[in-house]
Amino acid sequence: MSAFGAMLEYSRSRAQQNQIILAEKLKKSSLTDELTGLPNRRALNEMLESEVVLVTRNGGDFTILLCDIDHFKSINDRYGHAIGDEGLRHLTARLAEMIRKYDMLARWGGEEFLLVMPHTNLGKGLLMAERIRSGIEQAPLHATSGAIIQLTISCGLCNWGEQPQLDELFRIADNRLYQAKAAGRNRVVGQGGTT
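Residues numbered from 1 in each chain as written. Predicted model: local features only at pLDDT ≥ 70, side-chain atom pairs only at ≥ 80, totals over all residues. Heavy atoms only, no water.

1. Notes on the pairing of strand S6 (residues 153-159)
Inference 1: By the criterion of burial, S6 is predominantly enclosed, with seven of the seven residues buried.
Inference 2: Neither face of S6 is left uncovered, since the one carrying Ile153, Cys155, Leu157 and Asn159 and the one carrying Ser154, Gly156 and Cys158 both have all their residues buried.
Inference 3: As defined by bridge partners, strand S1 (residues 62-69) adjoins S6 across seven bridges and the pair is classed as antiparallel. Bridge pairing in S6 links isoleucine 64 to cysteine 158.
Inference 4: Sheet topology note: the S6/strand S7 (residues 188-190) ladder contains two bridges and is parallel. Paired with glycine 156 across the strands is valine 189, a residue of S7. (Buried < 20%, exposed > 50% of the residue type's maximum accessible area, 1.4 Å probe, protein only. Helix = DSSP H or I, 4+ residues; strand = E, 2+ residues; numbered from the N terminus. Pairing = 2+ DSSP bridges.)

This is the structure:
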C-alpha cells in the first residue's frame, strides 16, 4: 500500500512539474516573436513600463527608435516570403550586434523593430540610430537563394523628455518614421529633422 501511495505521489509531483514547465513555455512564447526570437510588442511594453517606473523614480532618460525595413513588400514580392523572413532574421542579427547590452530590442510588428535605449538623450540616440542605419546599409543580405539583397531602414526617434507618456512617445516616433520615409527612406528623423 505504501509503495502504491509513493507511486501516486510521484505521479502527482511529476504532473505538477510538467504543468509548471508548460506554463513557463507558454508565457515565453506569448512574449517572444517566433521568427526572430526577439521579444514581441507585448514583452517590450512590459519592459518599457518598468523603464518608466525607474526613470520616474530615479530620474534619467531614455530614447526609443522605431525602424522599418524600406521597400520590404517588394522584397517579398520579388524573392518570396521565405527570403523576406531571411531578411528579417538578418536584420535582427545585425541590430543585435550593434546595440548595447542594456538596450532593449523587439519586433514591433511586420517589418518594424523598436529599440529602447536607456540612459540616452535624443542627441546620443540620433548618433546611435545613424550608426545602426549605416551598419544595416553596409551589410547586404546574402540569401540562401544566392541573391544579394541590399537592405536599408528608415527610423524615427523620440525621447522620454520630449513626451513623458508612452502612447505619445510611440506616436511621435511613428510620425518621425513616416517623415523619414517621405524624405526618401534610408534615413533617421529625430526632433527637428532628418540625418
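2. Side note on the pairing of strand S2 (residues 104-109)
Inference 1: Counting buried positions over the six residues of S2 gives five, a clear majority of the element.
Inference 2: One ladder, built from five bridges, connects S2 with strand S3 (residues 112-118); its direction is antiparallel. Paired with leucine 105 across the strands is leucine 115, a residue of S3.
Inference 3: What sits between the antiparallel neighbours S2 and S3 is a turn of two residues, in which glycine 110 has the positive phi angle 55°.

3. Digging into the nonpolar core
In summary, soluble globular proteins display a tendency toward joint burial of nonpolar side chains.
Inference 1: Grouped together as the largest cluster of nonpolar side chains are 31 residues, with contacts concentrated most on Leu65 and Ile132.
Inference 2: For this core, the secondary-structure elements that each account for two or more residues are S1, helix H3 (72-79), helix H4 (81-98), S3, helix H5 (122-137) and S6. (Core = buried A, V, L, I, M, F, W, Y, C linked by side-chain atoms within 4.5 Å.)

4. Quick look at helix H2 (residues 41-58)
Inference 1: The end-to-end C-alpha distance of H2, which contains 18 residues, comes to 25 Å, matching closely the 26 Å that a straight helix rising 1.5 Å per residue would cover.
Inference 2: If you check the start of H2, you find a side-chain oxygen 3.1 Å away from the backbone N of arginine 42, and it comes from asparagine 40.
Inference 3: A positive backbone phi angle near 80° is found at glycine 59, which sits one or two residues after H2. (Expected span 1.5 Å × (residues − 1). Polar contact = N/O pair within 3.5 Å; in protein donor to acceptor, adjacent residues only side chain to side chain.)

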